[in-house]
Amino acid sequence: MTRVLGVFAAGEVADGRYRQTATAVGDGYRAAVNAQKWLEKQDEEAAGRRRAP
Ligand SMILES: Cc1cc2nc3c(=O)[nH]c(=O)nc-3n(C[C@H](O)[C@H](O)[C@H](O)COP(=O)(O)OP(=O)(O)OC[C@H]3O[C@@H](n4cnc5c(N)ncnc54)[C@H](O)[C@@H]3O)c2cc1C
C-alpha cells in the first residue's frame, strides 16, 4: 500500500531499481492481491459494525 489508504502501487512508479517488465508484472499481481484483501477486510469490518448493537 502507498501512503494513501486503499491505494496500491505497482511497476516503475513503485520500483526504481529493476525497472523491467517481469518485475512490473509481479508487482502488479502482488498489488492486485493486496488490494483485494484490503477490500475484503473493509467489507468484513463494515459488516461487523452493522451487526454491532
Ligand atoms: C526503450 C525501452 C526498452 C525496454 N526494454 C525492456 C525489455 O527488453 N525487457 C524488460 O523487461 N523491460 C524493458 N523495458 C522496461 C519496461 O518497459 C518497463 O519496466 C515496464 O513497462 C514498466 O511497466 P509499468 O506498468 O510500471 O509502467 P509503464 O509501462 O510505463 O505504464 C505506465 C502507464 O501509465 C500511464 N500513465 C502515466 N501517467 C498517467 C496518468 N496521469 N493517468 C493515467 N495514466 C497514466 C502511461 O501512459 C502508461 O501507459 C524497456 C523500457 C524502455 C523505455
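Everything below is about the structure shown above.
These numbers come from a predicted model, not from an experiment.

Caption draft 1: Representation of the overall build of the protein chain in the model. Counting secondary structure elements, the protein chain contains one helix and zero strands. By the compact-globule yardstick of 10 Å for 53 residues, the protein chain is too spread out, its C-alpha radius of gyration being 15 Å. By principal-axis analysis of the C-alpha atoms, the protein chain measures approximately 50 × 20 × 10 Å. Relative to its full complement of 53 residues, the protein chain shows a buried share of 0%.

Caption draft 2: Seen up close, the site of the ligand. In the region of the ligand, the neighbouring residues are Gly11, Glu12, Val13, Arg19, Gln20, Thr21, Ala22 and Ala24. Among the residues making up the shell around the ligand, the classes are represented as three nonpolar, three polar and two charged.

Caption draft 3: Inspection of the environment of Arg19 at higher detail. If you trace the backbone, Arg19 turns up in the segment before helix H1 (21-51). According to the C-beta neighbour criterion, Arg19 is exposed, with 10 such atoms within 10 Å. For Arg19 and Leu39, which are 20 residues apart along the polypeptide, the C-alpha to C-alpha distance reads 28 Å.

Caption draft 4: Up close: the environment of Ala24. Inspection of the secondary structure puts Ala24 in helix H1. The partly exposed category is assigned to Ala24, around which 17 C-beta atoms lie within 10 Å. Ala24 sits 11 residues away from Val13 along the chain, and the two C-alpha atoms are 9.4 Å apart. The residues touching Ala24, leaving out its near neighbours within four places in the chain, are Ala10, Gly11 and Glu12.

Caption draft 5: Fine view of the environment of Leu5. Within the fold, Leu5 resides in the segment before H1. The class for Leu5 is exposed, based on 8 C-beta atoms found within 10 Å.

What counts and what doesn't
Every chain is numbered on its own, with residues counted from 1 as its sequence reads. For this predicted model, a pLDDT threshold of at least 70 governs which residues receive local features, and a threshold of 80 or more governs which side-chain atom pairs are given and counted, while totals over whole chains, interfaces and linings are taken from all residues. The helix and strand labels rest on DSSP assignments: H or I over at least four residues marks a helix, E over at least two residues marks a strand, and numbering proceeds from the N terminus. We compute the radius of gyration over the C-alpha atoms and compare it with the globule rule, which gives 2.2 Å times the number of residues raised to the power 0.38. Three exposure classes are used. Buried residues have 20 or more other C-beta atoms within 10 Å of their own C-beta, exposed residues have 12 or fewer, and partly exposed residues fall in between, all C-beta atoms being placed from the backbone. Defining nearness, a residue is near a molecule or strand when the C-beta atom obtained from its backbone falls within 6 Å of it. Polarity classes work like this: nonpolar for Ala, Val, Leu, Ile, Met, Phe, Trp, Tyr, Cys and Pro, charged for Asp, Glu, Lys and Arg, and polar for all others, with Gly in that last group. Contacts are defined on C-beta atoms placed from the backbone: any two residues whose C-beta positions lie within 7 Å are in contact.

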